[in-house]
Amino acid sequence: MNVTRAEVAVVAVAELFRGDGEIVASPMGLIPQLGAKLARLTFEPGLLMSDGEACLVTTEGAIEGWQPFRKMLDTVVPHGRRHVVMGANQVDRFGNQNISAIGDHARPAKQLLGVRGAPGNTVNHRTSYWVPRHSKRVFVENVDIVSGVGYDNAAKAGQRFHDVHRVVTNLGVFDFATPDHSMRAVSLHPGVTADVVRAATSFALDLTEAGTTREPTAEELLFIREVLDPEAFREREVPS
Amino acid sequence: MADKRMTADDVAAELADGMTVGIGGWGSRRKPMALVRAILRSPVKDLTVVSYGGPDVGLLCAAGKVRRVVFGFVTLDSIPFDPWFSRARESGAIEVTEYDEGMFGAALSAAAQRLPFLPTRAGLGSDVTRLNLGLRTVRSPYADGEELLAVPAQELDVALVHLNRADAQGNAQYLGPDPYFDDVFCLAAKRSFVSVEKVVDTVDLTAAAPVQSLLLDRGSVDGVVETPRGAHFTTAVPDYGRDERFQRHYANCAKDLDSWPGFVDRFLSGDERAYLSEVDKFGAAA
């Protein structure tokens, strides 16, 4: 079966949620949503997911709960039983993420969304990132505005619930399981070489133990292609 | 009981230069756009706008009404960035106080509860604290001794919110799935004004909707404005959803300084009736 890079990425995102159980999964963006839904359809059936507005909905579309924005911020985030997958305009070796602005904050070269919930998410519960185009512009030495808190800044601020889990990109899967919590390659997607990743990353990255990201099972491919994304929008976000 | 009905222009006339104005809703959802449009027509300026920001922030920036924005994000939801907010930021035209979304809520809640601050972890370790030199931390007085961020109360001179229904006395109701922070905005403000799709008799508020949908009681509302489609082009479900085509038109015109004067001439130079009439023509031309 001819598997696309986008489909490998969806499965890699799904794997982020393995073992999470009955917690709120908040995937931001297309590939994260496909990944979280795939996880719930297969190995993590307990995940709670919203409709993007104020309702928690089951795989079948039944409303199973009420989760307005205020509840999210007042109780769900601080309570900690949540795993968010956010985007990142910039990310650095310690997992600091920027979605606020590029350049000087007082007068940015490019205004982005604002820090949104990233500061609170990263000091309260598990956070992962999805980067559709792994490049030196995104994987930078230092982010311009620390929105999501990385390991170095979390340690300085004494944050005991900080849990930046992994970064999934179009090239591979990365974590921070090194002695100084600097980024390490967990796996590279099939066909991606270490040199490609090095050339697309501004900082030195531990690639010594990188395996190969697993391919989707036949069942997973069926869910992705027939159920979750029959119009193949995933291929626009991650061209093969 | 006092009849608090007034017009959108009456609300705008309550604002004075330099005031701090809280605007309810969330992103491009249930924004009091008719009240914002009335402000655009008024002479008021130098406002500090406190908002989970959407096109309300962009339009006020476009009209030069804004001195400072207190925000966690500004987005049109289906379109990531508001072009006018981006322009105001990138040209250095406005000052900002940037908060995490949870900090923003804590700041409003502190004001609503008449507390000087509320403690939170959100913001610690991030550049929100590095960029805002006025922020302070507080240490837990209990055995844990944890250091927390003390988010200062965000008091408002005026709160503007848009709900689905109200009676003439100011009891107001949301019929969609999310209250956002509209009641907290009103409690954090010295004066609160609510626009609604329809003013109804008090008994009709709970005739077809549960009592939990009554978000604001009249004790925290100073004025009620009936503005059908008053959240346009943002959502006011179940009355209507976002006008995506119009929002795209707004964003496209806002991106291009050559087309912007035409947008202002057509949609924003007259009153609300003229706005809705042009919106109808725009919709019919689809």
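### Looking at the overall build of chain B
Of regular secondary structure, chain B possesses 11 helices and 12 strands. Expected size for 286 residues packed as a compact globule is a radius of gyration near 19 Å; at 19 Å, chain B falls within 12% of this value. Seen through its principal axes, chain B has C-alpha atoms that stretch 65 × 50 × 30 Å. For chain B, buried positions account for 52% of its 286 residues. Counting contacts in chain B only where the partners sit at least 6 residues apart, residues at least 24 apart contribute 75% of the total.

### Quick look at the packing of helix H3 (residues 69-79) of chain A against helix H5 (residues 101-112) of chain B
Relative orientation of the contacting elements H3(A) and H5(B) amounts to 100 degrees, with a least axis distance of 10 Å. By the angle between their directions, the pair H3(A) and H5(B) is classed as roughly perpendicular. Only B:Glu101, B:Gly102 and B:Gly105 of H5(B) make contact with H3(A), whose side of the interface consists of A:Arg70, A:Leu73, A:Asp74 and A:Val77. Per-class residue counts for the contact of H3(A) with H5(B) are 2 nonpolar, 2 polar and 3 charged.

### A word on helix H1 (residues 5-16) of chain A
Residue and element names in this part refer to chain A. With 12 residues, H1 extends 17 Å from end C-alpha to end C-alpha; this agrees with the ideal 16 Å at 1.5 Å per step. With 11 of 12 residues buried, H1 lies mostly within the body of the structure. For H1, the set of buried residues is Ala-6, Glu-7, Val-8, Ala-9, Val-10, Val-11, Ala-12, Val-13, Ala-14, Glu-15 and Leu-16.

### Brief notes about the sheet that holds strand E6 (residues 136-139) of chain B
Strand pairing within a sheet occurs via backbone hydrogen bonds; the two strands may be parallel or antiparallel. Residue and element names in this part refer to chain B. Read from one edge of the open sheet, 3 strands run E5-E7-E6, paired in antiparallel fashion. Edge strands, defined here as strands with exactly one partner in the open sheet, are strand E5 (117-120) and E6. Taken over all neighbouring pairs, the strand axes of this sheet differ in orientation by 45 degrees on average, direction set aside. Relative to strand E7 (residues 147-152), E5 is paired through 4 bridges, and the arrangement is antiparallel. Across the sheet, residue Leu-118 finds its bridge partner in E7, namely Val-151. The strands touched by H5 within the sheet are E5 and E7, with E5 carrying the most contacts at an inclination of about 150 degrees.

### Examining the interface of chain A and chain B
Listed as interface residues are 35 residues of chain A and, on the opposing side, 33 residues of chain B. Mapped onto the side of chain A that touches chain B, the elements with two or more residues apiece are H3, strand E8 (110-111), helix H4 (118-124) and helix H5 (151-156) of chain A. Looking at the side of chain A that touches chain B, the element that brings in the most residues is H3(A), giving 5 residues. Within the side of chain A that touches chain B, the residues separate by chemical class into 17 nonpolar, 11 polar and 7 charged.

### Thoughts on the sheet that holds strand E4 (residues 82-86) of chain A
Residues and elements named next belong to chain A. Read from one edge of the open sheet, 7 strands run E1-E4-E9-E10-E11-E12-E13, paired in mixed fashion. Strands at the two margins of the open sheet, each flanked by one partner only, are strand E1 (24-27) and strand E13 (211-212). In this fold H1 packs onto E4, strand E9 (126-131), strand E10 (163-169) and strand E11 (172-175), with an angle of close to 170 degrees to the strand it touches most, E10.

### A few points about the packing of helix H2 (residues 33-41) of chain B against helix H3 (residues 55-62) of chain B
Residue and element names in this part refer to chain B. Between H2 and H3, whose axes approach to 10 Å, the crossing angle comes to 5 degrees. In terms of orientation, H2 lies roughly parallel with respect to H3. Of H3, the residues touching H2 (which contributes Met-33, Val-36, Ile-39 and Leu-40) are Asp-56, Leu-59 and Leu-60. Residues that form the contact of H2 with H3 fall into these classes: 6 nonpolar, no polar and 1 charged.

### Things to note about the pairing of strand E12 (residues 184-188) of chain A
Both faces of the sheet carry side chains from a regular strand, because those side chains alternate between them. Note: E11(A) against E12(A), 4 bridges, orientation antiparallel. Opposite A:Asp175, over in E12(A), you have A:Arg184 as the bridge partner.

### Let's talk about H5(B)
For an α-helix the count is 3.6 residues per turn, leaving residues at separations of three or four pointing the same way. Residues and elements named next belong to chain B. Under the 1.5 Å per step criterion, the end-to-end length of H5 is 17 Å for 12 residues, consistent within 8% with the ideal 16 Å. Of all 12 residues in H5, 12 are buried, a share of seventy percent or more. Taken together, the buried positions of H5 are Glu-101, Gly-102, Met-103, Phe-104, Gly-105, Ala-106, Ala-107, Leu-108, Ser-109, Ala-110, Ala-111 and Ala-112. At the C-terminal side of H5, Arg-114 shows a positive phi close to 55 degrees.

### A word on the confidence of the model for chain B
Residue and element names in this part refer to chain B. Averaged over every residue, the pLDDT of chain B is 98; the share at 70 or more is 100%. Here helix H6 (residues 127-131) stands out as the least confident element of chain B, with mean pLDDT 97; strand E1 (residues 20-23) is the most confident, with 99. For this predicted complex, the interface confidence reaches an ipTM of 0.96, while the overall pTM sits at 0.97.

### Quick notes on unusual backbone geometry
Residues apart from glycine generally show negative phi values, whereas peptide bonds are mostly found in trans. Note the cis peptide between B:His232 and B:Phe233, where omega equals 10 degrees. Looking at where B:Phe233 falls in the secondary structure, it is placed in the loop between strand E12 (223-226) and helix H9 (244-255). Omega for the peptide link from B:Val237 to B:Pro238 comes to 5 degrees, which places this bond in the cis form. By the element assignment, B:Pro238 lies in the loop between E12 and H9. Not every positive phi belongs to a glycine, and A:His181 is a case in point at roughly 60 degrees. Relative to the elements of secondary structure, A:His181 occurs in the loop between E11 and E12. Despite not being glycine, B:Arg114 has its phi angle at roughly 55 degrees, a positive value. Within the secondary structure, B:Arg114 sits in the loop between H5 and E5. Classification of B:Arg114 by C-beta neighbours within 10 Å gives exposed; the count is 10.

### Focus: the nonpolar core
The tendency in soluble globular proteins is for nonpolar side chains to be buried side by side. In terms of nonpolar packing, the biggest core is built from 145 residues, with A:Val10, A:Val13, B:Leu35, B:Phe185, B:Ala188 and B:Val194 touching the most fellow members. By residue number, the principal contributor to this core is H1(A), which donates 9 residues. When residues no more than four places from it in sequence are discounted, the contact partners of B:Phe185 are B:Gly22, B:Gly24, B:Leu108, B:Leu156, B:Ala159 and B:Val161.

### Some points on the environment of A:Val84
Residues and elements named next belong to chain A. Its location among the elements puts Val-84 in strand E4. Judged by local crowding, Val-84 falls into the buried class, with 23 C-beta atoms found within 10 Å. As for Val-84 and Ala-25, which are separated by 59 residues in sequence, their C-alpha atoms are 6.0 Å apart. Leave out the neighbours within four places in its chain, and Val-84 touches Ser-26, Asn-121 and Thr-127.

About the thresholds
Residues numbered from 1 in each chain as written. Chains lettered and ligands numbered in written order. Predicted model: local features only at pLDDT ≥ 70, side-chain atom pairs only at ≥ 80, totals over all residues. Helix = DSSP H or I, 4+ residues; strand = E, 2+ residues; numbered from the N terminus. Rg over C-alpha atoms; globule rule 2.2 N^0.38 Å. Buried ≥ 20, exposed ≤ 12 C-beta atoms within 10 Å, placed from the backbone. Contact = placed C-beta atoms within 7 Å. Axes fitted to C-alpha atoms, helices over the stretch in contact; angles between N-to-C directions. Parallel < 35°, antiparallel > 145°, perpendicular 65-115°, else oblique. Nonpolar A, V, L, I, M, F, W, Y, C, P; charged D, E, K, R; others polar. Expected span 1.5 Å × (residues − 1). Pairing = 2+ DSSP bridges. pLDDT = per-residue confidence, 0-100. Core = buried A, V, L, I, M, F, W, Y, C linked by C-beta atoms within 7 Å.

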